[in-house]
Structure formats: C-alpha cells, structure tokens
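Chains, contacts and geometry: an overview
One-letter residues, chain by chain:
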Amino acid sequence: MDLAAAADLSQDHIDVTAVLDQLVSGADASAATTIGYPGAVDVNYDAVLSRLGSRLWNNIGDPSDAGGIAHTRVLERAVVAWMADLFAMPPGDRWGYVTTGGTEGNLAALYAAGRRYATARIFYSRAAHYSIPKLVRVLGAHGVPVAADERGEMDYHDLATQLHRRKRYPAIVVATAGTTLTEAVDDTARIRDLLAAHPGGGHLHVDAALSGIPLGLDGRLRLDDAAGIGSIAVSGHKVFGTPVPCGVVLVGDTVRAPGQPVAYTGTSDTTISGSRCGLAAALLWHAIAVQGREGHRWRVVHARELATYAVARITAIGWHAWRHDHAMTVVLDTPPAEVRTRWVLATEGPVSHLICMPGITRTQIDAFVADLAAAIPRPTAPRPRTPADSIGLITTTH
Ligand SMILES: Cc1ncc(COP(=O)(O)O)c(C=O)c1O
C-alpha cells in the first residue's frame with residue numbers, strides 16, 4: 001500500500017486502521033537496522049502511555065508558579081530538580097523547564113543570556129549543532145563561528161583570537177557536550193577561563209543534547225559555582241528514549257529574565273512555548289523514577305562498552321573506526337551507499353557514525369559488521385610469484 005495515498009485526507013473513505021498499522025509495521029521493520037540516530041530503545045513507557053496517553057496534559061507557563069493550568073507540573077518540577085541535582089547546580093540559583101527538545105532548550109538559554117547581555121556576540125564551534133547558527137539568526141544576534149579540530153572539539157586558540165577581536169562586547173559562548181557527528185565534548189573549564197579574562201564579560205551555555213546526562217552521571221559535567229556555566233540544554237528522547245521528543249533546559253536563576261504575568265493563564269510567561277507538553281514531563285519523570293541514577297549510569301556504561309566492541313569489530317575487518325573515550329558514538333569512514341542506507345547511518349561526506357544507544361545489541365553490531373565486510377573490497381593476499389610473471393605471460397586485471 002502506498003502510505004501517502006492511503007493517508008490522503010481528500011479521499012471520501014480513509015482506512016485509518018490500515019494507515020496506522022502500516023506506520024507501525026514500517027517502524028518495526030526498520031528498528032533492527034536503525035543504529036545511526038541517538039534514540040535509546042530500552043526504556044518501556046507503556047505504563048505512562050496506557051494511563052495518560054488519551055488525555056490532554058498541558059503545563060502552561062512557568063513550572064515554578066502555583067497558578068494556572070498545571071496538569072503534570074508537579075512531575076515537571078521533580079524532573080527539573082533531579083536534573084539540577086545531577087549537574088550539581090547551586091540549590092539557590094537554579095531554574096528550568098521541560099522543553100520540546102534540545103533546540104528549544106538552546107533557544108531559551110540563549111534568549112535569557114541575550115536579555116542579560118544585550119550586545120553580546122554569540123560564539124559557537126563549527127562542529128556545533130545546526131540549530132545554533134539558526135537560533136542566532138532568530139534572536140537577531142551576531143554569531144561568531146569558531147574553528148573545531150578534526151575530532152570535533154572546539155579550537156580554544158581560535159576562540160581566544162575571536163574573543164580578543166571583539167573584546168568590547170560581552171560574549172555568549174556555546175560549548176557542545178556531544179557534537180552531532182563525533183560526540184566531541186568541548187572543555188568548559190578552558191572556555192570559562194577565557195571568558196573570565198574577557199573584558200566584556202559574558203555567559204557560558206552548554207548544548208548537552210546528547211552527552212549531558214551521561215557526563216552528568218559520571219560527575220564530569222557540573223554546573224556548580226566553580227564551573228562558570230550559566231545554562232545547559234539536554235534532550236530527553238536521546239538517552240532516555242522517550243517516545244515524544246522533549247528536553248530540559250536549566251538556567252541559573254540569576255540569569256533568567258523575569259517573565260510577564262499573564263492574567264488569563266494565571267502564570268508568568270517565562271517559557272518559549274506557551275502550551276507545553278505535560279505528557280513529556282510525565283515520560284521523563286517515569287524514566288527517572290523507574291531507573292534512578294544508578295540504573296541510568298549502568299545503561300550508559302553498557303552503551304559505551306558496546307561502542308568499544310563496535311570499534312574493535314569494524315577495525316578488525318580493515319575499516320577505519322574510532323570513538324572518543326566517553327562516547328557511545330562510533331565514527332567511521334563512510335561505508336558504501338547500500339550499507340549506509342540500510343543501516344540509516346548519519347553521514348557527512350567521508351565520515352559516518354553509528355551510535356550504540358542503550359538498547360542497541362551486539363547482535364545488531366555483528367550484523368552491521370558482516371554487511372560492511374561483504375560490501376567493501378577485500379584486501380587481496382599477494383599471489384606467489386611464478387616464473388611466468390617475469391616473462392610477461394600473466395596479465396592481471398583489476
Ligand atoms: C548537539 C545537539 N544540539 C541540539 C540538538 C537538537 O536537539 P533536538 O532535535 O532535540 O531539538 C541536537 C540533535 O541532534 C544535537 O545533537
């Protein structure tokens with residue numbers, strides 16, 4: 001059945017069940033070979049979806065307000081508090097909410113920082129997510145791209161140079177914790193030190209869509225007073241694998257802009273979206289409540305072990321692959337097109353990646369490696385020379 005034709009809403013009769021069935025069977029069929037995008041698949045959300053899935057759960061306005069429509073706001077607050085604790089944010093200087101994803105989290109943080117530093121230039125590495133330069137344009141701000149090294153980490157020497165050229169202006173620097181292609185993590189301590197010496201002052205935001213939760217669980221990403229980090233955005237559908245795209249933004253309470261009170265919603269307007277998905281807050285809360293910090297730490301440990309295994313297996317067949325030591329992402333030379341397509345690998349020119357998100361199995365990696373091995377040219381063993389070679393009787397064709 002052609003799904004687009006079946007779903008065409010101009011028809012007199014639409015077989016709704018058939019359309020939904022086809023969507024589900026398509027997703028089921030591709031699940032085993034979907035290893036290129038960062039969504040965990042090991043957390044079961046049926047308990048939430050079966051209880052809450054057919055109602056509207058809307059958390060309008062500021063999550064810390066008492067008034068207004070607050071369907072799952074209690075759970076949202078619990079999620080924000082858990083995340084703020086995870087990143088060791090000072091208890092008296094933390095605020096945040098459940099967003100639609102990493103992009104909205106970045107927007108909320110950059111908006112808050114931009115309100116505080118109105119003339120700031122926004123610095124981000126060339127390996128930053130594509131949403132960052134877009135958000136700079138949305139905010140009508142001045143963006144400054146900074147070089148990144150070949151493994152995806154920001155070039156701090158270039159950052160220092162770019163900051164120096166704009167020393168009269170405040171600086172908002174976006175560090176990435178888990179770049180999209182290689183899962184590189186920028187060194188926030190080095191950026192903090194550069195910002196501290198910057199005459200115009202400024203704000204350090206961390207786009208931690210993918211690696212924020214893993215590094216927070218390791219204790220390697222902290223937003224305590226010493227860290228000099230003013231805000232962070234993480235995705236919820238990546239490491240927690242929520243079945244609805246979502247995320248969390250955390251901003252120092254002293255950084256965020258006060259919102260306007262809105263009479264008809266009964267809350268302050270501090271969030272980017274007005275109506276907000278209360279189901280997402282419940283799903284995040286469920287993932288945290290069911291697994292706890294230790295459970296999630298083990299999920300990440302296993303994911304990294306699988307990534308180590310994948311690098312070893314791919315390298316063993318003679319194909320170049322590597323990973324950062326904290327990463328679930330395996331970076332490899334771009335495989336032939338049929339392998340890339342079948343395994344839904346994210347690709348940028350000569351470089352591709354697969355991601356060993358929690359729930360991906362050794363069996364899947366083994367099947368991928370077998371497919372790759374079958375598709376790449378075999379290194380030919382040197383043929384023993386015969387007397388015929390030296391008199392030119394044997395011609396070889398390649
Ligand atoms: C580093 C980084 N930042 C931001 C985003 C955007 O997140 P979302 O798609 O949740 O808006 C992504 C998504 O892949 C990302 O990898």
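Quick look at the structure, then. In this text the structure is predicted, and so the values were computed from the model without any measurement.

With five of five residues buried, strand β2 (residues 121–125) lies mostly within the body of the structure. In β2, alternate side chains face the same way, and those of R121, F123 and S125 on one face and I122 and Y124 on the other are all buried. With five bridges joining them, β2 and strand β3 (residues 142–146) adopt parallel strand pairing. Counterpart to F123 in the pairing with β3 is V144.

As a further point, take the pairing of strand β6 (residues 231–235). Counted residue by residue, β6 has five buried out of five residues, so it is predominantly covered. Of the two faces of β6, the one carrying S231, A233 and S235 and the one carrying I232 and V234 are both buried. Two strands pair when backbone bridges link them, and strand β5 (residues 202–207) and β6 are joined in this way by three bridges, in the parallel orientation. Pairing of V206 across the sheet is with I232, part of β6. Sheet analysis places β6 next to strand β7 (residues 247–251), joined by five bridges and oriented antiparallel.

Looking now at helix α12 (residues 362–375). For α12, spanning 14 residues, the distance from its first C-alpha to its last is 20 Å, which sits close to the expected 20 Å at 1.5 Å a residue. Among all positions in α12, only Q364, I365, F368, V369 and L372 are buried. One side of α12 carries all its buried residues, which in axial view fall inside an arc of 135 degrees. Those residues of α12 that are exposed and aimed more than 90 degrees away from the buried face are T363 and A374. Among the structural elements, α2 (16–31), α10 (278–316), β11 (329–333), α11 (337–342) and β13 (351–355) are those in contact with the buried residues of α12.

Okay, the layout of surface pockets next. Within this model, the second largest pocket holds a volume of roughly 330 Å³. For the second largest pocket, the lining is made up of 20 residues, of which R116, G228, I229, G230 and V255 are closest to its centre. Secondary-structure elements contributing two or more residues to the lining of the second largest pocket are α8 (188–196) and β5. Of the residues that constitute the lining of the second largest pocket, the class distribution is nine nonpolar, six polar and five charged.

Here the focus is the side chain of T334. Take T334: it is sitting in the loop between β11 and α11. Side-chain polar atoms of T334 contact the backbone nitrogen of V351, separated by 3.0 Å. T334 has contacts with W319, R340, T347, G349, P350, V351 and S352, leaving out every residue within four places of it along the chain.

Our next topic: the pattern of salt bridges. Following the criterion strictly, the structure yields twelve salt bridges and no others. With a closest N to O distance of 3.1 Å, R220 and D218 form a salt bridge. Judged by its relative accessible area of 29%, D218 falls in the partly exposed class. In this structure, D366 and R313 form a salt bridge, with 2.7 Å as the shortest nitrogen-oxygen distance. With D366 in helix α12 and R313 in helix α10, this residue pair connects regions lying 53 residues apart in the sequence.

Looking now at the sheet that holds strand β1 (residues 95–99). Strands sit in the order β1-β7-β6-β5-β4-β2-β3 across an open sheet of seven strands; the sheet is mixed. The open sheet has two edge strands with one neighbour each: β1 and β3. On average, each strand axis in the sheet is tilted by 15 degrees relative to the strand beside it, whichever way the strands run. Strand direction decides the pairing type here: strand β4 (residues 171–176) and β5, joined by six bridges, are parallel.

By nearness alone, 13 residues border the ligand, and G102, T103, D207, H237 and K238 come closest of all. Take D207: an N or O atom from its side chain is 2.6 Å from a nitrogen atom of the ligand. In the environment of the ligand, an oxygen atom lies 3.2 Å from a nitrogen or oxygen atom belonging to the side chain of S235. Look at the ligand: alone it shows 390 Å² of surface, and the protein chains cover 82% of it. When residues of the shell around the ligand are assigned to their parent elements, the largest contribution, three residues, is made by helix α5 (residues 102–116). In terms of residue class, the shell around the ligand is made up of one nonpolar, ten polar and two charged.

Counting 80 residues, the largest nonpolar core has M83, F240, I314, L354 and F368 as its most contacted members. When residues of this core are assigned to their parent elements, the largest contribution, 16 residues, is made by α10. When residues of this core are assigned to domains, at least three map to each of domain 1 (34–43 + 292–374) and domain 2 (49–289). With near-sequence residues (within four places) excluded, I314 lies in contact with W319, A321, V330, L332, L354, F368, V369 and L372. Formed by 13 residues, the second largest nonpolar core is a distinct cluster that contains I122, Y124, I132 and L135.

Each value, and the rule that gives it
Residues numbered from 1 in each chain as written. Predicted model: local features only at pLDDT ≥ 70, side-chain atom pairs only at ≥ 80, totals over all residues. Heavy atoms only, no water. Buried < 20%, exposed > 50% of the residue type's maximum accessible area, 1.4 Å probe, protein only. Helix = DSSP H or I, 4+ residues; strand = E, 2+ residues; numbered from the N terminus. Pairing = 2+ DSSP bridges. Expected span 1.5 Å × (residues − 1). Arc of directions from axis to C-beta. Contact = heavy atoms within 4.5 Å. 1 Å grid on protein atoms, 1.4 Å probe; cavity = no way out; pocket = protein on both sides within 12 Å on 5 of 7 lines; lining within 4 Å. Points joined across faces, edges and corners; volume = space filled by probe spheres on them. Nonpolar A, V, L, I, M, F, W, Y, C, P; charged D, E, K, R; others polar. Polar contact = N/O pair within 3.5 Å; in protein donor to acceptor, adjacent residues only side chain to side chain. Salt bridge = Lys/Arg side-chain N within 4 Å of Asp/Glu carboxyl O. Axes fitted to C-alpha atoms, helices over the stretch in contact; angles between N-to-C directions. Near = heavy atom within 4 Å. Areas by Shrake-Rupley, 256 points an atom, 1.4 Å probe, with all protein chains shown as cover. Core = buried A, V, L, I, M, F, W, Y, C linked by side-chain atoms within 4.5 Å. Domains from an automatic or database assignment.

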